[in-house]
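# Residue-level structural notes
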Amino acid sequence: MNTVPWWQRGIIYQIYPRSFQDANGDGVGDLPGILRRLDYLAWLGVDAIWLSPIYPSPMADFGYDVSNYTDVHPLFGTMDDFDALLEAAHARGIRVILDLVPNHTSDQHPWFLESRSSRHNSKRDWYIWRDPAPDGGPPNNWLSLFGGPAWTYDEQTGQYYLHSFLAQQPDLNWHNPEVREAIFNVMRFWLDKGVDGFRVDVADRFIKDPCLRNNPRNPDWREGMLPVEQFLEAYNKNYADNHLTARWLRAVADEYDDRVLIGEIYLPIPELVTYYGTPEAPEYHIPYNFTLITTPWEAEAVRCVVDLFEGRVPSWAWPNWVLGNHDRSRVASRVGREQARVAMMLLLTLRGTPTIYYGDELGMEDVPIPPDRVQDPLEKNIPGMGLGRDPERTPMQWDTSPNAGFCPPDVEPWLPLSEAYHTVNVAVQREQPNSMLNMTRTLIHLRRSSKALAVGDYFPCETPAGVFAYTREAGAERYLIALNFTGEPQAWTLPPAWKHAHPVLSTFMDRPEAVQCGTIHLRPNEGLILERRQHNS
Ligand code: NOJ
């Protein structure tokens, strides 16, 4: 397995730094806090951590508005703290992936301050400036994902600038070679330090139509859909030339050994897989595959996307799966507590690099946020549609002490803690043999110790409705994974070769007599892994 790159055989764990561990007592997580928890991550068994942005930022979008790409926000610590974290992670065999945000900067970034200072400034063209339309309005009909037009008028210079997100997040002009070189140098700065790769923010939006044509109206738009969905984003998302940006970033990553490039790309599978590029012109190692988040939680629907992705990933490339992140409702809230275990077994037994969102290993759920504690600008700009992302960004639940061990008892954490933290926390679940945490850890260790589960082939099985089953195979090693997506018991006559297989792991963390006379009996909401050895005689 050691010949397989680490990012293929490994498991990625996403940390939202504001919410993982507060070490300096200000109610916000930081780098020394992450350092303090590295032994937990090593115990859990993950191979890499991806940190959401840690750079200086006015925090209009909680770090996705970067005002200096090559430093650390004082809220999170210092560059020395970062170096210490990197070294300590590497000492434990844990890689570190940073978030790269090249589509936009903060409006407080010196590049933008210069750019907006005058039409003749040398950095004017680093951003996308246009004259008003004849009626004085925005240059075209593009909308911001965070509400309102994607254009803001600048009184001083009499032009509009483009922003795909907040007005405080102006889009860089990727048609300008100086911009590209500046971002490449940012990458080199961190790669020289030994960072193991980047998760690249909104990787499908960097290059837009140079003519800035209007987007067509979406004929299917209805009340209740997102405002931005009123138009089909033909000219500002997944624009054909955007693939160039993926190749450029990849070429920089490939100047170094063994680094990974992950693209955040919300596209249907057929378009998503084009972001692998080709063997001659590779793009992202991992174009993030969010279909387990966006697909209804039913066995047939999930099998359908797994098979579609399996069928579309180029043979030279490698799949990946994501169950949750800082932008989407938590998996335990989306699918329910019981199914969250099934979902984790699915994630950790599919073919493809799994990414676990912090706290999902405990079954953390979305936390209701009282109106006066709302932080997310998306919720503030487009209220009432349930778009706010604070519920999935609440502090990690470490133990039963006040504030769950995230920050000191007398400090208010930046977001409220889940009321469930007294039982749903690391300390309690470590002691419970059948907890979600111990189940996740057992799955991780099983995957890490098995070639079939880590890098083996995937074959789907025919099953009764409500069950999704597949095998993972490498050499003589064979696993069968059977997942009951329903709240009813399920019986399934196993394929003949599996008649004498033995159960290895149940999501209930016990060992029932699951297979009797060639029939597997799954309890409601149970996932089960069976093993057999192939005899070639
Ligand atoms: C995607 C990030 O995941 C999200 O949190 C952020 O708000 C937008 N990109 C804008 O950077």
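Procedures and definitions
- Residues numbered from 1 in each chain as written.
- Predicted model: local features only at pLDDT ≥ 70, side-chain atom pairs only at ≥ 80, totals over all residues.
- Heavy atoms only, no water.
- Buried < 20%, exposed > 50% of the residue type's maximum accessible area, 1.4 Å probe, protein only.
- Helix = DSSP H or I, 4+ residues; strand = E, 2+ residues; numbered from the N terminus.
- Pairing = 2+ DSSP bridges.
- Contact = heavy atoms within 4.5 Å.
- Near = heavy atom within 4 Å.
- Polar contact = N/O pair within 3.5 Å; in protein donor to acceptor, adjacent residues only side chain to side chain.
- Areas by Shrake-Rupley, 256 points an atom, 1.4 Å probe, with all protein chains shown as cover.
- Nonpolar A, V, L, I, M, F, W, Y, C, P; charged D, E, K, R; others polar.
- Expected span 1.5 Å × (residues − 1).
- Axes fitted to C-alpha atoms, helices over the stretch in contact; angles between N-to-C directions.
- Parallel < 35°, antiparallel > 145°, perpendicular 65-115°, else oblique.
- Left-handed = near helix turned anticlockwise from the far one by under 90°.

Taking burial as the measure, the eight residues of strand E13 (residues 467–474) include eight buried ones, the bulk of the element. Taking every second residue as pointing to the same face, both faces of E13 are buried, with Val467, Ala469, Thr471 and Glu473 on one and Phe468, Tyr470, Arg472 and Ala474 on the other. The sheet contact formed by strand E12 (residues 457–460) and E13 spans four bridges and is antiparallel. Looking at E13, one finds that Phe459 is bridged to Thr471. Counting the residues that bridge the hairpin from E12 to E13 gives six residues, and of these Gly466 lies at a positive phi of roughly 90°.

Secondary-structure assignment places Pro210 in the loop between strand E7 (197–200) and helix H7 (242–253). The sequence separation of Pro210 and Leu346 amounts to 136 residues, and the corresponding C-alpha distance is 42 Å. Apart from residues no more than four positions distant in its own chain, Pro210 is found in contact with Arg130, His175 and Tyr239.

Below, the discussion takes up the site of the ligand. As a structural note, the neighbourhood of the ligand is formed by 13 residues, with Asp61, Asp201, His326, Asp327 and Arg389 the closest of them. A distance of 3.0 Å is found between an oxygen atom of the ligand and a side-chain nitrogen or oxygen belonging to Arg199. One nitrogen or oxygen atom from the side chain of Asp327 is found 2.5 Å from an oxygen atom belonging to the ligand. In isolation the ligand has 290 Å² of accessible area, and contact with the protein removes 97% of it. Counted by class, the shell around the ligand contains four nonpolar, two polar and seven charged residues.

Next up on the list: helix H10 (residues 299–312). Helix length check: H10 (14 residues) gives 20 Å between terminal C-alpha atoms against 20 Å at 1.5 Å per residue, within 8%. What H10 keeps buried is the set Ala299, Ala301, Val302, Val305, Val306, Phe309 and Glu310. The secondary structure elements touched by the buried residues of H10 are helix H8 (269–272), helix H9 (291–294), strand E10 (320–322), helix H12 (337–347), E12 and E13.

A separate point is the side chain of Asn215. The topology assignment puts Asn215 in the loop between E7 and H7. With residues near it in sequence (within four places) discarded, Asn215 still touches Asn141, Trp142, Phe231, Leu232, Glu233, Ala234, Tyr235 and Asn236.

Within the element layout of this structure, Thr507 appears in the loop between strand E16 (502–506) and strand E17 (515–516). Contact partners of Thr507, with chain neighbours within four places excluded, come to Arg341, Val342, Met345, Met439, Asn525, Glu526 and Gly527.

Right, let's talk about the packing of H12 against helix H15 (residues 436–449) for a bit. Running from N to C, H12 and H15 cross one another at 15°; their axes reach a closest spacing of 10 Å. The orientation of H12 with respect to H15, classified from their angle, is roughly parallel. Classified by chirality, the crossing of H15 by H12 is right-handed. Contact residues: Ala340, Arg341, Met344, Met345 and Leu347 in H12; Met436, Met439, Thr440, Leu443 and Arg447 in H15. Among the residues making up the contact of H12 with H15, the classes are represented as seven nonpolar, one polar and two charged.

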